[in-house]
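The primary structure of each chain is shown beneath.
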Amino acid sequence: MWTSCTVKVHDCLASTSVTLKRCLRLGVAMAKSKFEYVRDFEADDTCLPQCWVVVRLDGRNFHRFAEKHNFAKPNDSRALHLMNKCAQTVMEELEDIVIAYGQSDEYSFVFRRKSNWFKRRASKFMTHVASQFASSYVFYWKDYFEDQPLLYPPGFDGRVVVYPSNQTLKDYLSWRQADCHINNLYNTVFWALIQQSGLTPVQAKDRLQGTLAADKNEILFSEFKINYNNEPLMYRKGTVLIWQKVDEVTTKEVKLPAEMEGKKMAVTRTRTKPVLLHCDIIGDAFWKEHPEILYEDS
Ligand SMILES: [Mg+2]
């Protein structure tokens, strides 16, 4: 064992400096054992080059989770803000995410086309996003649900989808936002029928069977005086996260001149942060306003 290791280190010294560094770091582990061949069983899951890599997370069994934690219906703003906080954390902690979109219990994260993070391995992208998101959900829970203890640990499933062009990526995000609209309109009427007209869930479902968007808008307006277009944007459009320059004001103690020492001064710093937007991303306006998202040159 020792002999073989010595030989290996010696071999390393003769090779490139990159390999040398690796050898020194790995030390004894560098010696190949007869078990090494099991590495060949690992599947290659490298994402296609020059494509957008999307990781979408979805809450595991969140129907039950929402019931147990008394989420408001049809939307619980605390839960949505917590999801947004987790997504911001994911963008700040991980590399190369250019835009994220979330609604309900799901979030999509888009990695830049040229990202070479973890050599573009799908499992690395997916597991890092899912674990960072889930731990953030638990970590920040108490900031959003002050009077509601977390009763059991939530989970999120993840998937990776690779999109080959700007158009397919935009269509993917449009699909998720259209889904948000369809579900939110349905849920808004469904819960109004239950909460305000006293229908049972089955009766509400039957009432909405076969109705179109215009019919649902009409029920909301004529029966509940709700103009759907005045519902909060976060509920109707979901949340978009993009990097933007933000001015941050901090206070700093003055050191010099002597007569000013100890006094506090406001200092403004510009930082690039993931900023929350609740806007339409289906039309062209958003992409024209933020061309840097799709056309990065680095
Ligand atoms: Mg779910």
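Residues numbered from 1 in each chain as written. Predicted model: local features only at pLDDT ≥ 70, side-chain atom pairs only at ≥ 80, totals over all residues. Heavy atoms only, no water.

In the nomenclature of an unreviewed UniProt entry, the chain is known as tRNA(His) guanylyltransferase of Ictidomys tridecemlineatus. What the UniProt record of the chain gives under Catalytic activity (unreviewed entry) is the line "a 5'-end ribonucleotide-tRNA(His) + GTP + ATP + H2O = a 5'-end phospho-guanosine-ribonucleotide-tRNA(His) + AMP + 2 diphosphate + H(+)". The Sequence similarities (unreviewed entry) comment attached to the chain in UniProt states, word for word, "Belongs to the tRNA(His) guanylyltransferase family." (UniProt positions renumbered as here; feature names shortened; annotations may be inferred.)

What follows is about the packing of aromatic side chains. Considering all chains together, one arrives at 26 aromatic pairs under this definition. With a centroid separation of 5.0 Å and an interplanar angle of 75°, the aromatic rings of Phe133 and Phe156 are classed as edge-to-face. Here the residue Phe133 occupies a position in helix α5 (residues 122-144), and Phe156 occupies one in strand β4 (residues 156-163), the gap between them amounting to 23 residues. We note that Phe133, like Phe156, is buried. Between Tyr163 and Tyr172 the ring centres are 5.2 Å apart and the planes differ by 35°, which places this aromatic pair in the tilted class. Each member of the pair Tyr163 and Tyr172 is classed as buried. An aromatic cluster is defined as three or more aromatic residues linked by ring pairs; in this entry it consists of Phe62, Phe65, Phe71, Tyr107, Phe109, Phe133, Tyr137, Trp141, Phe145, Tyr152 and Phe156. Over the ring of Tyr152 we find Arg64; its NZ or CZ atom is 4.8 Å from the centre of that ring. The ring of Phe139 carries the charged tip of Lys142 above its face, separated from the ring centre by 5.6 Å. (Phe/Tyr/Trp six-rings, centres within 6.5 Å; stacked < 30°, edge-to-face > 60°. Helix = DSSP H or I, 4+ residues; strand = E, 2+ residues; numbered from the N terminus. Buried < 20%, exposed > 50% of the residue type's maximum accessible area, 1.4 Å probe, protein only. Lys NZ or Arg CZ within 6 Å of the ring centre and 35° of its normal.)

Attention shifts here to the nonpolar core. Membership of the largest hydrophobic core comes to 34 residues, with the highest contact counts inside it found for Phe71, Tyr107, Phe109, Phe111, Val129, Phe133 and Tyr137. Contributing elements (two or more residues each) for this core: β1 (52-59), α3 (62-68), α4 (77-93), β2 (97-103), β3 (106-111) and α5. Top element by residues in this core is α5. It accounts for 9 residues. Setting aside chain neighbours within four positions, we find Val129 in contact with Val55, Leu57, Val90, Leu94, Phe109 and Phe111. Residues Ile99, Tyr163, Leu173 and Cys180 belong to the second largest nonpolar core, which totals 18 residues. (Core = buried A, V, L, I, M, F, W, Y, C linked by side-chain atoms within 4.5 Å. Contact = heavy atoms within 4.5 Å.)

Turning next to the coordination of the magnesium ion. Of the protein atoms, only Asp58 (OD), Gly59 (O) and Asp105 (OD) coordinate the magnesium ion, at distances of 2.2 to 2.5 Å. We note that the donor set of the magnesium ion lies within a single chain, spaced as D-G-x45-D. Residue Gly59 is found in strand β1, and its partner Asp105 is found in the loop between β2 and β3; the two are separated by 46 residues along the sequence. As far as burial versus exposure is concerned, Gly59 and Asp105 are alike and both buried. (Donors = N, O, S within 2.8 Å, 3.2 Å for Na, K, Ca; no water.)

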